[in-house]
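Each chain, letter by letter, is given below.
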Amino acid sequence: MKKNKKYRWGLKLATLAFSSSVLFSTIDTASAATYTVKSGDSLWKIANQYGVTYQTLMKWNNLSSSTIRVGQKLNLNTTSTISTPTPKPTVSITPKPTNLVQVAKQQLGVKYTFGGSKPSTGFDCSGYVTYVYNNAGISTARKSAAGFYSTTKKVSAPQVGDLVFFANTYKAGISHVGIYIGNNQMISASDGGVSVANINSSYWKTHFAGYGRI
């Protein structure tokens, strides 16, 4: 009789432990169904982190634009309750900003205008970068070339879509910025308008200052 009583108590404890495990797993999974926007985030970065397009994130959250704010909670459209306590493995996805390059190339030939930031009036280098990134779904404020340089993560091996910086062109310090499109080429708004140039050409190589990633 004592043995049966001990067995029943042991069975109750085991059942309680299993139920607690599933409960905490469900809570953790539920919390993963939303994402809180942090400083430096963009809709494009968050979308690539979770393996979806920024347009999909906009649809999930009923967003009319790609602009997001710090502290905003985004619905990731994941299932909030899962029957198994085993989490899915995280898959690292390398961003492929083909849309950004397409937007950049659509502006080829647009004239250069100092302070310009839209196709109808022309671009300067930083205005062009701001326009392309925002229209490709990567929200960024308007900055000067030096402003972009000071706020980007410096990289030595650029990816397509990264920024490339140059110094001492028309003034001292960081003075020009373009968008890297691969094969040592960049697209930028310079004196001749929006055009593609080789970073290793004699002029640009002399003024090269580094790469940055938003």
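The text that follows walks through the structure, step by step, so that each part is easy to find. (Residues numbered from 1 in each chain as written. Predicted model: local features only at pLDDT ≥ 70, side-chain atom pairs only at ≥ 80, totals over all residues. Heavy atoms only, no water.)

**A few points about the sheet that holds strand β6 (residues 163–167)**
Taken in spatial order, the six strands of this open sheet run β5-β10-β6-β7-β8-β9, and their pairing is antiparallel. Here the strands that pair on one side only, and so sit at the sheet edges, are β5 (153–155) and β9 (193–198). Put simply, the sheet's adjacent strands are angled 40° from each other on average, direction ignored. The pairing of β6 with strand β10 (residues 208–213) spans four bridges and is antiparallel. Across the sheet, residue F166 finds its bridge partner in β10, namely F208. The strands touched by helix α5 (residues 125–135) are β6, β7 (174–182), β8 (185–190) and β9; relative to β7, the strand with the most contacts, the crossing angle is about 40°. (Pairing = 2+ DSSP bridges. Helix = DSSP H or I, 4+ residues; strand = E, 2+ residues; numbered from the N terminus. Axes fitted to C-alpha atoms, helices over the stretch in contact; angles between N-to-C directions. Contact = heavy atoms within 4.5 Å.)

**Quick notes on the nonpolar core**
With 38 residues, the main nonpolar core has Y128, Y133, L163 and I179 as its most contacted residues. Counting only elements with at least two residues in this core, the list comes to α2 (43–49), α3 (54–60), α4 (98–105), α5, α6 (145–151), β6, β7 and β8. Per-element accounting of this core gives the leading share, five residues, to α5. Dropping the residues within four chain positions of it, L163 is found in contact with V129, Y133, F148, T152, V177, G178, I179, G210, Y211, G212 and I214. Within the second largest apolar cluster, nine residues are counted, among which are V155, V164, Y180 and M186. (Core = buried A, V, L, I, M, F, W, Y, C linked by side-chain atoms within 4.5 Å. Buried < 20%, exposed > 50% of the residue type's maximum accessible area, 1.4 Å probe, protein only.)

**Structural notes on the environment of S139**
With respect to the helices and strands, the residue S139 is situated in the loop between α5 and α6. We classify S139 as partly exposed; its relative accessible area is 24%. As for S139 and S42, which are separated by 97 residues in sequence, their C-alpha atoms are 5.7 Å apart. Not counting chain neighbours up to four residues away, the residues in contact with S139 comprise S42, S66, T67 and N134.

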